[in-house]
Amino acid sequence: LKQDGVTTAVANAAKGGSPMEVILTLTATTHGASSMTLAPCEDPSTNADCLRKVVPFVFTFLDPDAVRVTDFFPLSEYVSGRTEIDVKVKNLPTGLVKAQVILNFGASNATCKSVATTTGVLTFEIPSEPTATAGVVYPRLHLLASGESFDLPKTFDYLEQKPAVMTSVSPSKATIRTAATA
């Protein structure tokens, strides 16, 4: 393993297998992206067979104290909206109130229904898609008190609204009565 130019041997590495799973314990003194390569030998430049098996990747060390969106659910909803979406936020500021939070869905904003700072969950009502058009949006969370904005980690899909269908009628029959008029 080579991390930012420094080579480190991988202990207890197993040979062979496809696909192969490698579990690494990585450390860093600062947060940010770190360029890495994984190879089956210590110096791939001296071994042509090894050089063909080099796997480059970037690993990002996150700031453990930074506010960030970790997840949200559901990932999709019909264009009519009006159902709830939960957004999970790590290190959500304490004292945050509903009026200080906006979840933007591109053409419209979701209404914040609750803030649970102890669990880091913000609950919103998904807005209707203004043009009733199915498609992908890139939601963005805004914390107004701090002025911070965060992209959600995945896209959100507005689904085409299905036409209403009668599935049953209850009761299925009834007696007709004659009304008396005076």
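Just above sits the structure.
Note that the coordinates shown come from a computational prediction; the quantities given were computed from them, not determined experimentally.

Participant: Please clarify how the pattern of salt bridges should be interpreted in this entry.
Facilitator: A pair can form between side chains of opposite charge whenever their charged atoms are brought close. Per the counting criterion, the structure on display carries five salt bridges. Here Asp49 ties to Arg52 by a salt bridge, and the two come within 2.6 Å at their closest N and O atoms. Note on Asp49: relative accessible area 36%, which makes it partly exposed. With relative accessibility at 66%, the residue Arg52 sits in the exposed group. The shortest N-O distance in the salt bridge between Lys154 and Asp71 comes to 2.8 Å. Taken as a pair, Lys154 in the loop between β13 (148–151) and β14 (156–159) and Asp71 in strand β5 (residues 68–73) lie far apart in primary sequence, 83 residues in all.

Participant: Please explain the sheet that holds strand β6 (residues 76–78) as it appears in this structure.
Facilitator: Pairing between sheet strands relies on hydrogen bonds along the backbone, with the strands arranged either parallel or antiparallel. With mixed pairing, the three strands of this open sheet are ordered in space as β6-β14-β11. Edge strands, defined here as strands with exactly one partner in the open sheet, are β6 and β11 (135–137). The mean inter-strand angle of the sheet, taken between neighbouring strand axes irrespective of direction, is 25 degrees.

Participant: What exactly am I supposed to notice about unusual backbone geometry here?
Facilitator: Where the residue is not glycine, phi is negative for most of them; where a peptide bond is considered, it is trans in most cases. In this chain, Phe73 is followed by Pro74 through a cis amide linkage whose omega measures 5 degrees. Turning to its location among the elements, Pro74 is positioned in the loop between β5 and β6. One non-glycine residue, Arg82, lies in positive phi territory at about 70 degrees. Assignment of secondary structure puts Arg82 in the loop between β6 and β7 (84–90). Although it is not a glycine, Asn91 sits at a positive phi angle of roughly 60 degrees.

Participant: Just to check I follow, could you spell out the state of the cysteines for this structure?
Facilitator: Disulfides are covalent bonds that link the sulfur atoms of two cysteine residues. Tallying each qualifying case throughout the model produces one disulfide. In this model, Cys41 is linked to Cys50 through a disulfide, with the two sulfur atoms separated by 1.9 Å. Every disulfide takes its handedness from the sign of the S-S torsion; for Cys41 and Cys50 that torsion is -100 degrees, giving left-handed. Residue Cys41 is classed as partly exposed on the basis of its relative accessible area of 24%.

Conventions used here
- Residues numbered from 1 in each chain as written.
- Predicted model: local features only at pLDDT ≥ 70, side-chain atom pairs only at ≥ 80, totals over all residues.
- Heavy atoms only, no water.
- Salt bridge = Lys/Arg side-chain N within 4 Å of Asp/Glu carboxyl O.
- Buried < 20%, exposed > 50% of the residue type's maximum accessible area, 1.4 Å probe, protein only.
- Helix = DSSP H or I, 4+ residues; strand = E, 2+ residues; numbered from the N terminus.
- Pairing = 2+ DSSP bridges.
- Axes fitted to C-alpha atoms, helices over the stretch in contact; angles between N-to-C directions.
- Disulfide = S-S within 2.5 Å.

These results come straight from atomic positions and should not be treated as a statement about function.
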